[in-house]
Amino acid sequence: MSVGQPDYDWSYETVPQPNLHGRKVSSSAGRLLGGSSAINYLVRMRASVPEYDAWNVFGSGWDWEGLLPYFKAEESYKVYEWDTDQIFPGITKAEDEAARQKQPEFRGSSGPVQSTHNTVYTGLLEPTIKTTLKFGIKTNRTPGYGDSTGIFNIDTAVDRKEGIRSYAANAYLRDPKSTQPQPNVVVLKGVYATKILFDPNQAGKLPKAIKITCLGGVDWKLPVTPVFPFELEVNKEIVVSAGSYNTPRLLELSGIGDPEILSKFNITPVVNLPTVGENLQEHPYVISDFVVKEGVFTLDRLRNDATYKAEQVEEYRTKKTGAYATTVSAYGFIKLKNFLTQKEVDELKKELDEEILRNANKPFYKQQLEIQRKFLNDDGVGDVELIMVPKVFASTPKENTSYISLVVSLPHPVARGSVHISSADSLAPPNIDPNYLNNSYDTKILTKATQFARKLSETEPLKSIIVAPSTPGPEVQTEAQFEEFVRNNVESIQHPVGTASMAPQDLGGVVDHELRVYGTENVRVVDMSIAPLHLAAHLLDTAYAIGEKASEYLAVSPRHQLTVGF
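Residues numbered from 1 in each chain as written. Predicted model: local features only at pLDDT ≥ 70, side-chain atom pairs only at ≥ 80, totals over all residues. Heavy atoms only, no water.

(A) Here's a closer look at the pairing of strand E20 (residues 402-409). Where burial is concerned, most of E20 is hidden: eight out of the eight residues are buried. Alternating positions in E20 separate into two faces, Ser402, Ile404, Leu406 and Val408 on one and Tyr403, Ser405, Val407 and Ser409 on the other, with burial throughout. Relative to E20, strand E17 (residues 284-292) runs antiparallel, the two being bridged by eight bridges. Pairing of tyrosine 285 across the sheet is with serine 409, part of E20. As defined by bridge partners, strand E19 (residues 384-389) adjoins E20 across five bridges and the pair is classed as antiparallel. Residue isoleucine 387 lies in a different strand from E20, and its bridge partner there is valine 407. (Buried < 20%, exposed > 50% of the residue type's maximum accessible area, 1.4 Å probe, protein only. Helix = DSSP H or I, 4+ residues; strand = E, 2+ residues; numbered from the N terminus. Pairing = 2+ DSSP bridges.)

Here it is, written out as structure tokens:
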């Protein structure tokens, strides 16, 4: 994977997190054409209907019905094959046939981005699914139809004919290696946008972007040495698509943001918009892994068996199939009631009620939390994510040893953080502060979910193939010990959203429902930073749908937009 590799990833870190014993947490963002779609873990899905309908509270037209045509437009979906491992245990033939009948209503078949499924599955899959079924966790044949709860075989962004990643650059551009990949697009590679310049002669009018300053030929191997600065003229509009970390940074460097923050770095305010960079929401996750018995097929075999590895390398080289064309398959979003007692669920609901009361003077945040509280009572919205990774993922692996990893993540955290500039130097990384575990609600759910991963490992049939816990080890037993493990090991699943939120300006929004930056004449934001509220989903499909929907707003505007990405 390219995550964490500086040639492809900005490889940011958070500021020290006080509730994680001062740890800094890795925060990835794609640094190549196609952005993070080029470095993510190759999975794609949609959230549930109520989650997109909640967006519509903050921006008209952004509910499930308003987004479904764009989900369909961006994808080329290949359906599961019946009577193969692609159909998980618990799905009946009747359910599969019903899903196929409804498929044209919900899934696209001729879009640019491939949506496929793995063809290689391990000996861990069936016992994992059969174990989760014992906890009332359904197997979901149709997670893309508006209910993404339960365990499912997640879609993958893999072109199965070529055995390669299908992502924004190679899907949407005819020739992604070209400076002009198609007649209406010019791509400037190795160029770093530093500041939007506004017309100084706009007295009494909204600020109008007229130029963007750039650095060309930047060598990111330290020390950073830009080769030459230059400017690009703006004919009509600027579309900022730099992601949840770099979009607010570019806006602030351009004078759009909180005047108090800008003044610290001697930046002249152009637009007083204090919520730029605020409302950061991220999915924190924790990994537990377990040693499995000898003879159980896992993807650790690529590490343990040189002959098998060589065979798989050759299969990928000649056929573009096999283990090297495979990613993780078993994902799910589950309810608290699947692993907690009713008393524990009620206590967590009370915790969230108290958070709402404590934030009565923050209307945007309060409204978000009230929506999240409703999600807890909705069986169609997941409260915790559960992923089965068929190999070692947390431990330093032992030789000739195989593992199963269980990942838990929090889709709708209470924590809100921020992203702001750290300097007037346009090359300086931003200050990223997600405020991980700054409240007992988030902490308790992640802790109890990590305990649930252990409980799954002790439940048949999964129990029969597991030797022992590896990370955390068997000495971690009490809730207090699990909480300490969580604080020491929680990481980012790399799904930051919300730092240029779509919402009414008086509520705290940065962009309106057509994604125009408030207080400007011709600047829009089109990326995941516009999401007002986080989703129980991996974000690739939603990011594409945002782009598809935004393209219609741009299509009715004058041509010659300048799009800025990092």
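(B) Region of the structure containing the packing of helix H12 (residues 440-457) against helix H13 (residues 479-489). Viewed as axis vectors pointing N to C, H12 and H13 meet at an angle of 105°, and their least axial separation amounts to 9 Å. The angle between H12 and H13 falls in the class roughly perpendicular. Here Thr443, Leu446, Thr447, Lys448, Thr450, Gln451 and Arg454 of H12 come into contact with H13, specifically with Glu479, Phe482, Glu483, Phe485, Val486 and Arg487. Looking at side-chain class alone, the contact of H12 with H13 contains four nonpolar, four polar and five charged residues. (Axes fitted to C-alpha atoms, helices over the stretch in contact; angles between N-to-C directions. Parallel < 35°, antiparallel > 145°, perpendicular 65-115°, else oblique. Contact = heavy atoms within 4.5 Å. Nonpolar A, V, L, I, M, F, W, Y, C, P; charged D, E, K, R; others polar.)

(C) Fine view of the packing of aromatic side chains. Taken as a whole, this structure holds 15 aromatic pairs when the rule is applied. Ring geometry for tryptophan 10 against tyrosine 12: centres 6.0 Å apart, planes inclined by 10°, an arrangement best described as stacked. In this structure, tryptophan 10 and tyrosine 12 share a single accessibility class: buried. A ring pair is formed by tyrosine 52 and tryptophan 64, whose centres lie 6.1 Å apart and whose planes are at 35°; its orientation type is tilted. With tyrosine 52 in helix H1 (residues 49-55) and tryptophan 64 in helix H2 (residues 64-74), this residue pair connects regions lying twelve residues apart in the sequence. For tyrosine 52, a relative accessible area of 0% translates into the label buried. One aromatic cluster in this structure is built from Trp10, Tyr12, Tyr192 and Tyr245. For arginine 107, the ring lying beneath its charged end belongs to tyrosine 77, and the centroid distance is 3.8 Å. The ring of tyrosine 316 carries lysine 320 above its face, with NZ or CZ at 5.0 Å from the centroid. (Phe/Tyr/Trp six-rings, centres within 6.5 Å; stacked < 30°, edge-to-face > 60°. Lys NZ or Arg CZ within 6 Å of the ring centre and 35° of its normal.)

(D) Here's a closer look at the pattern of salt bridges. Under the counting rule described, the total for this entry stands at 26 salt bridges. Glutamate 75 serves as the salt-bridge partner of arginine 46, at 2.9 Å between the closest nitrogen and oxygen. Taken as a pair, arginine 46 in the loop between strand E3 (43-44) and H1 and glutamate 75 in strand E4 (residues 75-77) lie far apart in primary sequence, 29 residues in all. Overall, the relative accessible area of 1% leaves arginine 46 in the buried class. (Salt bridge = Lys/Arg side-chain N within 4 Å of Asp/Glu carboxyl O.)

(E) Structural view of the side chain of aspartate 96. Position of aspartate 96 among the secondary structure elements: in helix H3 (residues 93-106). Once you skip the residues sitting within four places of it in the chain, aspartate 96 turns out to touch Trp82, Ile87, Ile91 and Arg141.

(F) Just the sheet that holds strand E12 (residues 228-233), in detail. Reading across the sheet, the three strands line up as E10-E11-E12 and stay open at both edges, with antiparallel pairing between neighbours. In this open sheet, the two strands that pair with only one neighbour each are strand E10 (191-198) and E12. The sheet shows a mean angle of 25° between the axes of neighbouring strands, taken without regard to direction. As paired elements, strand E11 (residues 209-216) and E12 share six bridges and run antiparallel to each other. The partner of leucine 215 across the bridge, within E12, is proline 229.

(G) Spotlight on the layout of surface pockets. Approximately 470 Å³ is the volume found for the second largest pocket. When residues of the lining of the second largest pocket are traced back to their parent elements, those giving at least two are strand E16 (278-280), helix H11 (363-376) and strand E21 (417-420). Ranked by residue count, the leading element in the lining of the second largest pocket is H11, at four residues. A class-by-class count of the residues in the lining of the second largest pocket yields seven nonpolar, ten polar and five charged. (1 Å grid on protein atoms, 1.4 Å probe; cavity = no way out; pocket = protein on both sides within 12 Å on 5 of 7 lines; lining within 4 Å. Points joined across faces, edges and corners; volume = space filled by probe spheres on them.)

(H) Examining empty space enclosed by the protein more closely. As enumerated under the stated definition, the model contains six cavities of 30 Å³ or more in all. Empty space within the largest cavity amounts to approximately 90 Å³. Residue lining of the largest cavity: Val120, Tyr121, Thr122, Leu125, Leu299, Thr326, Thr327, Val328, Ser329, Ala330, Met388 and Pro390, and that is the complete set. Of the residues belonging to the lining of the largest cavity, the class tally is eight nonpolar, four polar and no charged.

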